[in-house]
Amino acid sequence: RLVPKIYKVAHDAASSVCFGLDVILYADLWLLNQTNLPLVFGCPSIQLQTRQSKDSSDAQQDGSHFDESASKIAAEAALMEIFSTLEFGEKGKNLTYSEDDSKEGDIHLLPYQHCAHVYEEVFEYIEIESSTIKRRWWASEKHDSYRRKPSNFAFEDCELTWVDNSWKIDCSGQPTAVQGGWESCRNLFGGKDNNFSGRRLFNPTDAFRRRRYFRRRTGNSYDPDRLPYDFGLPNGINAFHQPVVDAFSRAQRKAERKASDNRDGNPAKTASSKFIDNEPTKISVRLHDGSWSAPAIIPDTGNAHGVIRVHASRWPILTKTRGGGNVNKEGLTQISDYASGHGSATLKVDYENGVLSPEVFELSYKISEITGDWGDFSRLLTLSPRFQIRNDSKLFIMEIKQAGAQNHTATQIAPGDASPFYWADLRLPKLASVRVVVNRQDGSRHYRWSGGFDVCNLGMTAMRIRQARKVPFSDYDPMPRQDSSLYQLRALRSHVEIRPGTGGTGINISLQEEDSKGDGSLFRIENMTPFPIWVAQDGVLANPIANSDNFRTKVSETNPEDSQNNKGWGDHDYTEVDGDLARPMGRISFALDVPFRQGKYAGRRAASMAELVRVRVALSPLSSREGIESTKVVGLTDVREVIRLNPSKLTSTLTANIRQRLHGVRVLGVVTTDGPTKVLRFHLMRKDTLNNVFSGAFGNRIGNDFPSDRVESLTKVESLISSKKGGKERREQIATAAKQAVSQLESDGLPNEDDAKRQAFLGSGLSSTGYHTSPHNDHEMGQFFSFHASFGSIMLSLVDSSPTEIAVMSFKNVSTLAKWDSLGTSSASSLVSIGWLQVDNHVPGAPFPVAVCPDFTKQNLSELEKEEKLADETAPLLMIGLNFAPKHKSGIRCLRSVTVSPRNLAIAVDLASIVRFHRFLMGVKAHVAHFDSVSNEVAAVVTVFNGEGKKKIMLPIFETSISLSTTSSSSRKFYFEGFTILPCNVNLSVAPSRALTAAQASLEGGETAAIHTAVRKGDVLIGGNGSNVLGVTVGGKNRTPLAVFRGVFKSMIVDALLRCDKASLNFAGVSLRNHFSTGSQLSTFLAAHYFQSIRSNLPALLGSLSAFGNPLGLIRGLGDGVSDFVNEPVKGLKKSVEELDPFFVVDGVARGTGSLARHTVGGIADSASLLTETFSKNMAVLTLDRRYAQRRDQGSTLRGDGEFSATFTGGVESAVAKLVQGVVEGVTGVVKAPIRGAEKKGVEGFAKGIGKGLLGLLVKPVIGISDAATDVMIGVKGSVEGGGGTSQRRRGVDRHQQLRPQRPLYGRDRMMRPYQLADAVASALMMRTRLAGEFYLSHCDMGERVALLSVKRMLLVDADGQELLLLKFRHIKDIEVRQIPGPDGFGIEWGLLIFLNTPRKNGNEIEVISCKEKAFAEDLCAQLKHGMQIVANES
């Protein structure tokens, strides 16, 4: 950018001095590394330099014979492959043409790198024929990309030095030092089996071989003392990219592409055309000596996001198949150089294995615009870790690693800190495991790793954390009592969410411990019975062989404080395969031992959360015989799901008498919710035994007849098995619990099943509930507040930057009601009701005056339906009800119910209005963003020294790292017990944009008028620059016949897609139960839901297009007609029977027949009129006469004036006029078009005018015939539906009018003032007079006459709109208010005498305006003087 310096102005103009120009250089792309990795950046060679030819200076300077270029080698290889294929030779087998595994083999390092060491590499290629070297060349990993051969030269022009003493030859894979480190392939042309690949294979019989040389050098460094300015790279920037293809600015390249598209034939290329490349810029990344990643695609404009994988291994395929083993390495060897024929040279090399590390680094990248002036030239590519792990615990240090990887690869995160997460081994599943760092006295970890969880699965997951396996308890050193809280951990919660600002590519994972008793946890088990209950995740393999003392977990270690409250249960120890014990009258948190489970068969998806949280439940350890036989499975995601456990099945624990008495007792488990926590709650219940065939005497008989010796033998076996695990104490406790249950049953203390379900679901009997925060007890109540506001009407005026009022939003009967308490210990509620919504479209030339309004219209209604419709119209348009639960211990906001009840809407828009609305919203967004950036950013500066002294240049600010606030779970979490959005219907109408008149274009300004012109031409951009979703291309011109044809075709397509007549779009409702999410996740879900609804409505949209004749509307109308034809006689018959009058039958038949005729004839006529209207509009575009097309748009039509009021007679009259007009336009255009063209462009314009005139002579009469047919069909429809009664009523937006005229803006500066209806009416009236297009100033209402004042003139009109007087302010000399004689010479009245500078054409030097009152005259005098003052100031 060239910026002229400020002139030194002297008193004498000749002595003024100019100091020259400031030249500011901008990089096209800045590269910012926000990771902690020493990344190296590269790009394809074509972006940095043109490919070297055989006579290049570099090749000559090397002294090597580059007799064949890379392209010639590839061509010969391809020819050889074809010959061998035709000959059915061995080289012709297994030909596949696919992409190479290396993705981008031709990658060049960028000149500047912000890292300590950089690896240089080059590949030596040879072709062997008859055991001799036929040719040799040096290239990149891509064989046809030329490179310099390796040498030991020193870096003279910079401070770079070699880190390694010599070059190294890569011996990864099959290549060895004995055979020179060569890998081979059969041919350079072919698929994976023939060409070089990452498998690094060697076959002595292959014709082509290559080997890789690599060597480390230092990274670039700048010495500030050697720079003229105190400036290197901006802080945080790691590299920059200035490709050859970007030698011209993006705007210049875009213009060059457009110009090249408009050229036909083989035009001569411009100076910049050789740099034009339609391929986007690509940037690749690698780490140390690893392989290059797939490129990040940099679009020409706008923002972009993506994910790239950076492999630490140089040969990822080799690492995946063979691991990272070492290759035998020979010592230093002298080799002969290159056999070039130009002397003999030697190069000292070493044989070494390349990097084969299995690590994989997933990075997310973002291409964004730089704020300020830098954004015109530069953009920013930001690389950040895809996965960021944050430890939200306040107590525990946590470790995370890839599941199955070695422990030394784990990352340790302190409480409150965050750290990036990368994959340690590409061969392992992409799952992560977590554990808590709690050390024992011997230094070992107290907790084991959790099961692997999917870090890409959005949402929350509870993971079970178990203690490490150990030696028997007698050899275990117990923990200190003061640190017991560290040993009570049962579960961790992981929350996976999308990181904001990454386009969905970055992921944040927060880790936090859950309460061991389940307060605020995701899942909880509550045992409100005297029986112990064992639970475990279903699907986890239970291995009974593992029942040994080495795998015991002592219950007392988990909750030592519960041992006193559970009568000895804490003294027992059980194996993990027994499951987790829920002690009597206790509760525990539940989590998943296996948070992720892949499908058993190939291609099966991973298990869903509903499948993972299925729980196995039993009244005995799950590994015991009783546990296996009595296990029940329940899903924790299905609220109200019920299971029943039978304690009488504990045959080895209970006596026959107790078991017989327990037949009427069941342990009932019910899945319920406690805020966001899913709770499996157990209660005792009384089983109804009246209808049980195995109850009573018969059941008792069966129980008594069961062989007692068999029972005793089973009991002995079970006792022997369980004795090693403290089974004796367990049996005693179960027996005690059974006696308590029997006692309650016999005393009628147990509820029946319905009452037990109710108690379990409501949580009756619990000592504390999940609601109420810990600082407040259950009895503490805060202050209660209520709020109620009601508004009769609220109006919002939207004014864009033109400035013009583009829309008015009106809300009626708005009411809000809220109730809450200060402590949040009770429920709160809120209700918002909007009775009416209407959006008036004030965009100039809008075909629909009302854009949005309610749609309650129904046709052909009975009396009962009319009453229902009236009640429906009086109902609110939108109701939103929120019911908040009391505060929960987890801090998650719980809502008992959210209900959104929308009504049907009618929407009618055009594309120009949509673009204007979108432009307004983007302007508001940019305005807010500007104030945020001004308040938050502190700009950096660079000091430049010149002849005038110091000068400061503002620099952009770059975030060097990811802040903790970005990685934290900033979005508040919500739990919805019920979330409901009712379905609704949208009646959509879309019409093409109308052309602006000259007066409207003058008021709107050149930029806004250009938007309307571009919209009419179809120059629309979807998903355009930056964050803009919708845009237009302004100022495009079609300069060639091909471009003209494209423009005409594009205009036709846009017009066809933007003419939709009352399409009925049905949007399905939303119903969520027990749903947990954040605000951003909920909005994303709703957006996806309604986007899917729009996709499902595409057939309705296509069927309602006017270009196809609205076939869906025709079918809908025929269906209504047939329905009326059948239903109306039936209704008449019923009415006749009730009234005993046969007239109702006749009337019903008549109404049904008439409805069928109206819908049939009217529907066919309407479809035909839409088809002919589409034909006329497209033919008007073919005339290439823009003025003619604009006059057609601005002219009145029967459909625009109200199609339901048209008649057949009016349609015929309008048809004749349109036919005559088409013929006249065609004939006169032959003369006018050449004259108009000659006035603009001389002879060339005259020739083009003749062509347009002749084309119009053929097309315009055809358009007249088509318009005539359209009007006749509209008239037929209007006449047929004229007697339709209620069907004559307009639907949707046709029923409503604008609430008020457009807001007036005053003076040349278009100032805003409080809205005045009189000024708005006067401004609208002025647009219909000769003052149209001039800026409104004021008006003066004098009763029967009105004076309209613009910034230039005054116009006096009467009550009929007839213009009486027109004066320019600059012609007025003086104004005087005095009494004058009446109009007939009788009486005296007040008048205004206007003295002119020059006489008018009729010779008058004075104009007199009579006024009935003196106040009118004085008011008009003051306004005229104000206008005169404005003109005088401007002059």
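Thresholds applied
- Residues numbered from 1 in each chain as written.
- Predicted model: local features only at pLDDT ≥ 70, side-chain atom pairs only at ≥ 80, totals over all residues.
- Heavy atoms only, no water.
- Helix = DSSP H or I, 4+ residues; strand = E, 2+ residues; numbered from the N terminus.
- Areas by Shrake-Rupley, 256 points an atom, 1.4 Å probe, with all protein chains shown as cover.
- Phe/Tyr/Trp six-rings, centres within 6.5 Å; stacked < 30°, edge-to-face > 60°.
- Buried < 20%, exposed > 50% of the residue type's maximum accessible area, 1.4 Å probe, protein only.
- Lys NZ or Arg CZ within 6 Å of the ring centre and 35° of its normal.
- Pairing = 2+ DSSP bridges.
- Axes fitted to C-alpha atoms, helices over the stretch in contact; angles between N-to-C directions.
- Contact = heavy atoms within 4.5 Å.
- Core = buried A, V, L, I, M, F, W, Y, C linked by side-chain atoms within 4.5 Å.
- Salt bridge = Lys/Arg side-chain N within 4 Å of Asp/Glu carboxyl O.
- Parallel < 35°, antiparallel > 145°, perpendicular 65-115°, else oblique.
- Nonpolar A, V, L, I, M, F, W, Y, C, P; charged D, E, K, R; others polar.
- Patch = residues over 30% accessible without salt bridge, like charges linked within 9 Å, V, L, I, M, F, W, Y side chains within 5 Å.
- Lys, Arg positive; Asp, Glu negative; His and termini not counted.
- Charge placed at Lys NZ, Arg CZ, Asp CG, Glu CD.
- Left-handed = near helix turned anticlockwise from the far one by under 90°.
- Expected span 1.5 Å × (residues − 1).
- pLDDT = per-residue confidence, 0-100.
- Polar contact = N/O pair within 3.5 Å; in protein donor to acceptor, adjacent residues only side chain to side chain.

Asker: Go over the overall build of the protein with me, naming the residues and quoting the values.
Answerer: Assigned secondary structure in the protein consists of 27 helices and 59 strands. Of the roughly 71500 Å² that the protein leaves accessible, carbon and sulfur atoms contribute 55%.

Asker: Which residues make up the packing of aromatic side chains, and what are the values?
Answerer: Ring pairs (aromatic) are described by centroid distance and by the angle formed between their planes. With the rule as written, the count across this model stands at 17 aromatic pairs. Between the aromatic rings of phenylalanine 361 and tyrosine 422, the centroid separation amounts to 4.9 Å while the plane-to-plane angle is 65°, which identifies the pairing as edge-to-face. Within this pair, whereas phenylalanine 361 is found in strand S17 (residues 360-369), its partner tyrosine 422 is found in the loop between strand S22 (418-421) and strand S23 (432-437), the two being separated by 61 residues in sequence. Here phenylalanine 361 matches tyrosine 422 in class, with each residue buried. Centroid distance phenylalanine 974 to phenylalanine 976: 6.3 Å. Interplanar angle 25°. Geometry classified as stacked. A relative accessible area of 6% places phenylalanine 976 in the buried class. Put simply, the rings of Phe123, Tyr125, Trp137, Phe196 and Trp315 pair up and form one aromatic cluster. In this structure, arginine 215 is placed above the aromatic ring of tryptophan 162, and the distance from its NZ or CZ to the ring centre is 4.2 Å.

Asker: Could you give an account of the sheet that holds strand S57 (residues 1372-1381), naming the residues involved and the relevant values?
Answerer: Strand order in the open sheet made by the three strands is S57-S58-S59, with antiparallel pairing throughout. Where the open sheet ends on each side, the last strands, each with one partner, are S57 and strand S59 (1406-1411). For this sheet the average axis-to-axis angle between neighbouring strands, irrespective of direction, equals 25°. Taken together, the nine bridges between S57 and strand S58 (residues 1388-1396) define a ladder with antiparallel strand orientation. Bridging across to S58, aspartate 1374 finds its partner in phenylalanine 1395. The strands touched by helix H27 (residues 1414-1434) are S57, S58 and S59; relative to S57, the strand with the most contacts, the crossing angle is about 175°.

Asker: Break down the side chain of lysine 1260 for me, with residues and values.
Answerer: Summarising the element assignment, lysine 1260 is placed in helix H25 (residues 1208-1281). Ignoring anything within four residues of it in the chain, the contact list for lysine 1260 reads Thr1183, Asp1185, Tyr1188, Gly1222, Glu1225 and Gly1226.

Asker: Give a detailed account of the nonpolar core, specifying residues and quantitative values.
Answerer: Generally speaking, nonpolar side chains in soluble globular proteins are found buried as a group. Residues Phe531, Val617 and Phe682 are the most contacted members of the largest nonpolar core, which totals 41 residues. For this core, the elements supplying multiple residues, two or more each, are strand S24 (459-464), strand S27 (523-527), strand S28 (533-537), strand S33 (614-618), strand S35 (642-645), strand S36 (665-674), strand S37 (677-686) and helix H11 (727-746). The leading source of residues in this core is H11, at six residues. Residues in contact with phenylalanine 531, not counting those within four places in the same chain, are Ala582, Pro584, Leu619, Pro647, Val667, Leu684, Ile734, Ala737, Ala738 and Ala741. With 31 residues, the next largest nonpolar core counts Val814, Leu877, Cys984 and Cys1060 among its residues.

Asker: An account of the pattern of salt bridges is requested, with residue identities and associated values reported.
Answerer: Opposite charge on two side chains permits them to pair, given that their charged atoms come into close proximity. A full pass over the atoms with the stated rule returns 50 salt bridges. Of the charged contacts in the structure, one is a salt bridge between aspartate 580 and arginine 464, with a shortest N-O distance of 3.1 Å. Here arginine 464 lies in strand S24 and aspartate 580 lies in strand S31 (residues 580-582), a separation of 116 residues in the sequence. Given a relative accessible area of 8%, aspartate 580 falls into the buried group. You can call arginine 464 buried: its relative accessible area is 9%. Among the salt bridges present, the one from arginine 493 reaches glutamate 514, with a minimum N-O distance of 3.1 Å. You can see arginine 493 sitting in strand S25 (residues 491-498) and its partner glutamate 514 sitting in the loop between strand S26 (507-513) and S27, a full 21 residues away along the chain.

Asker: How would you explain the packing of helix H21 (residues 1111-1139) against helix H22 (residues 1143-1182) if you had to name every residue and give the values?
Answerer: H22 packs onto H21 with a crossing angle of 175° between their chain directions and a minimal axis gap of 7 Å. One element, H21, and the other, H22, form an angle in the roughly antiparallel class. Classifying every residue of the contact of H21 with H22 by side-chain character gives 11 nonpolar, 12 polar and six charged.

Asker: So what's going on with the pairing of S27? Residues and values would help.
Answerer: Each regular strand displays side chains that alternate between the two surfaces of the sheet. The element S27 is extensively covered by neighbouring structure, given that five of its five residues are classed as buried. Of the strand pairs in this sheet, S27 and S37 are connected by five bridges, and their pairing is parallel. Counterpart to glutamate 526 in the pairing with S37 is arginine 681. Bridge analysis of S27 against strand S32 (residues 586-589) gives four bridges, and the strand direction is antiparallel. What sits directly across from isoleucine 525, in S32, is isoleucine 588.

Asker: I'd love a proper account of the sheet that holds S24, names of residues and values included.
Answerer: Read across the open sheet, the five strands follow the order S22-S19-S26-S25-S24; overall the sheet is mixed. If you trace the sheet from one side to the other, it starts and ends with S22 and S24, each paired once. In this sheet, neighbouring strand axes are inclined to one another by 25° on average, regardless of whether the strands run parallel or antiparallel. In terms of strand pairing, strand S19 (residues 387-391) meets S22 through four bridges, oriented antiparallel. Paired with glutamine 388 across the strands is proline 420, a residue of S22.

Asker: Any chance you could break down a positive patch on the surface for me, citing the residues and the numbers?
Answerer: Residues Arg1186, Arg1187, Lys1240, Lys1241 and Lys1252 make up a contiguous surface patch of positive charge. Residue assignment for the positive patch shows that the elements contributing at least two residues are helix H23 (1186-1194) and H25. Broken down by element, the positive patch gets its largest block of residues, three residues, from H25. By the element assignment, arginine 1186 lies in helix H23.

Asker: Residues and numbers for the packing of H22 against H25, please.
Answerer: The N-to-C vectors of H22 and H25 enclose an angle of 160°; their axes lie 8 Å apart at closest approach. What the angle tells us is that H22 and H25 run roughly antiparallel. Read as a crossing pair, H22 and H25 show a hand that is left-handed.

Asker: Before we move on, could you go through H27 and cite the residues and values that matter?
Answerer: In this model, H27 (21 residues) spans 31 Å end to end at C-alpha, consistent with the 30 Å of a helix rising 1.5 Å per residue. Regarding H27, the residues found buried are Ala1417, Leu1420, Cys1421, Gln1423, Leu1424, Gly1427, Met1428, Ile1430 and Val1431. Where H27 is buried, its residues touch strand S53 (1336-1341), strand S54 (1345-1350), strand S55 (1353-1358), S57, S58 and S59.

Asker: Describe unusual backbone geometry, and please don't skip the residues or the numbers.
Answerer: With an omega of -5°, the peptide bond between serine 802 and proline 803 qualifies as cis. Secondary-structure assignment places proline 803 in the loop between strand S38 (784-799) and strand S39 (805-821). The phi torsion at serine 130 lies on the positive side, around 55°, for a residue other than glycine. Backbone geometry at aspartate 748 places phi at a positive 55°, although glycine is not the residue there.

Asker: Which residues make up the confidence of the model for the protein, and what values go with them?
Answerer: Taken as a whole, the protein shows an average pLDDT of 76; of its residues, 71% reach a score of 70 or greater. Residue range residues 222-232 is modelled with pLDDT below 50. Its contacts to residues more than four positions away, or to other chains, number 11 contacts. Segment residues 325-344 is flagged for pLDDT under 50; beyond a separation of four residues in sequence, or across chains, it makes 47 contacts in the model.

Asker: Break down the side chain of glutamine 838 for me, with residues and values.
Answerer: You can see glutamine 838 is positioned in strand S40 (residues 828-841). Looking at glutamine 838, its side chain comes within polar contact range of the side chain of tryptophan 836, at 3.5 Å. One polar contact links the side chain of glutamine 838 to the main-chain carbonyl oxygen of glutamine 1297, over a distance of 2.9 Å. When neighbours within four sequence positions are excluded, glutamine 838 is seen to be in contact with Val808, Met809, Ser810, Val850, Val852, Cys853, His1296, Gln1297, Gln1298 and Leu1299.

Asker: Can you break down the environment of tyrosine 1315 residue by residue, with the values?
Answerer: Tracing the backbone shows tyrosine 1315 in the loop between H25 and helix H26 (1317-1326). Residues tyrosine 1315 and proline 1304, 11 residues apart in the sequence, show an inter-C-alpha distance of 7.8 Å. Discounting residues that sit within four places of it in the chain, tyrosine 1315 has contacts with Arg1300, Pro1301, Gln1302, Arg1303, Pro1304 and Ala1320. Among the polar contacts made by the side chain of tyrosine 1315, one reaches the main-chain carbonyl oxygen of proline 1301 at a distance of 2.9 Å.

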